[in-house]
Amino acid sequence: MNSLLEPGMLVRNPDKPEWGLGQVQSNINGKITVNFENMGKMTLESAKIALLQQFDV
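Residues numbered from 1 in each chain as written. Predicted model: local features only at pLDDT ≥ 70, side-chain atom pairs only at ≥ 80, totals over all residues. Heavy atoms only, no water.

Brief notes about the overall build of the protein
Our working rule: To qualify as a helix, a DSSP run of H or I must reach at least 4 residues; to qualify as a strand, a run of E must reach at least 2; elements of each kind are numbered from the N terminus. Each radius of gyration is computed over the set of C-alpha atoms, and the globule rule expresses the reference value as 2.2 Å times the number of residues to the power 0.38. Only protein chains enter the area calculation, which uses a 1.4 Å probe; residues under 20% of their type maximum are buried, those over 50% are exposed, and those in between are partly exposed. Residue contacts follow a heavy-atom distance rule, with two residues in contact if any of their heavy atoms lie within 4.5 Å. Each accessible area is a Shrake-Rupley estimate made with a 1.4 Å probe; only the visible protein chains count as cover when residues are assessed. For this count, His and the chain ends are skipped, Lys and Arg are scored as positive, and Asp and Glu as negative. We put the charge of a Lys on NZ, of an Arg on CZ, of an Asp on CG and of a Glu on CD.
Counting its regular elements, the protein contains zero helices and five strands. On C-alpha atoms alone, the protein measures out to a radius of gyration of 10 Å, which is about the 10 Å that the 2.2 N^0.38 rule sets for 57 residues. Expressed as lengths along the three principal axes of its C-alpha atoms, the size of the protein is roughly 25 × 20 × 15 Å. Here the protein holds 57 residues, and 30% of them are scored as buried. Taking contacts inside the protein between residues at least 6 apart in sequence as the whole, the part at least 24 apart equals 30%. For the protein, the exposed area adds up to about 3800 Å²; of that, 51% sits on carbon and sulfur atoms. Measuring between centres, the 5 positive side-chain charges of the protein sit 8 Å from its 6 negative side-chain charges.

A few points about the side chain of Asn2
Our working definition: Polar contact is defined as a pair of N or O atoms within 3.5 Å, subject to the rule that within protein one atom must be able to donate a hydrogen and the other to accept it, and that residues adjacent in sequence are counted only when both atoms are side-chain atoms.
Its place among the elements puts Asn2 in the segment before strand E1 (10-12). Engagement of the side chain of Asn2 in a polar contact is seen with the backbone oxygen of Ile49, the distance being 2.5 Å. Here the side chain of Asn2 touches Leu51 through a polar contact of 3.2 Å, landing on its backbone nitrogen.

Considering the environment of Phe36
Mapped onto the secondary structure, Phe36 falls in strand E3 (residues 31-36). Taking the relative accessible area as the measure of exposure, Phe36 reaches 2% and is therefore buried. Setting aside residues up to four positions removed in sequence, Phe36 forms contacts with Val11, Asn13, Trp19, Gly20, Leu21, Gly22, Met42, Leu44 and Leu51.

A short note on the environment of Leu44
Looking at the secondary structure, you find Leu44 in strand E4 (residues 40-45). Spatially, the C-alpha atom of Leu44 lies 6.3 Å from that of Thr33, the residues being eleven residues apart in sequence. Each residue touching Leu44, except ones within four places of it in the same chain, is listed here: Trp19, Gly30, Lys31, Ile32, Phe36, Ile49 and Leu51.

Right, dumping it as C-alpha cells:
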C-alpha cells in the first residue's frame, strides 16, 4: 500500500496518532519521507509501517 503513496498526499500513522496529519515528501526505494504537523520531517521504512492515506481534512 505504501508503494502507492506519492509526494503531496496526506497520511496518518495509525500507530502514532499524536504525530498528526502528514504530507508525503518522497517515496523512494522503500523509504518514505513525511512531514508531520506535530513531529516534523520523518523518514520511515515502508516495510515496517503502514501509513493511511487521509482524504478528508
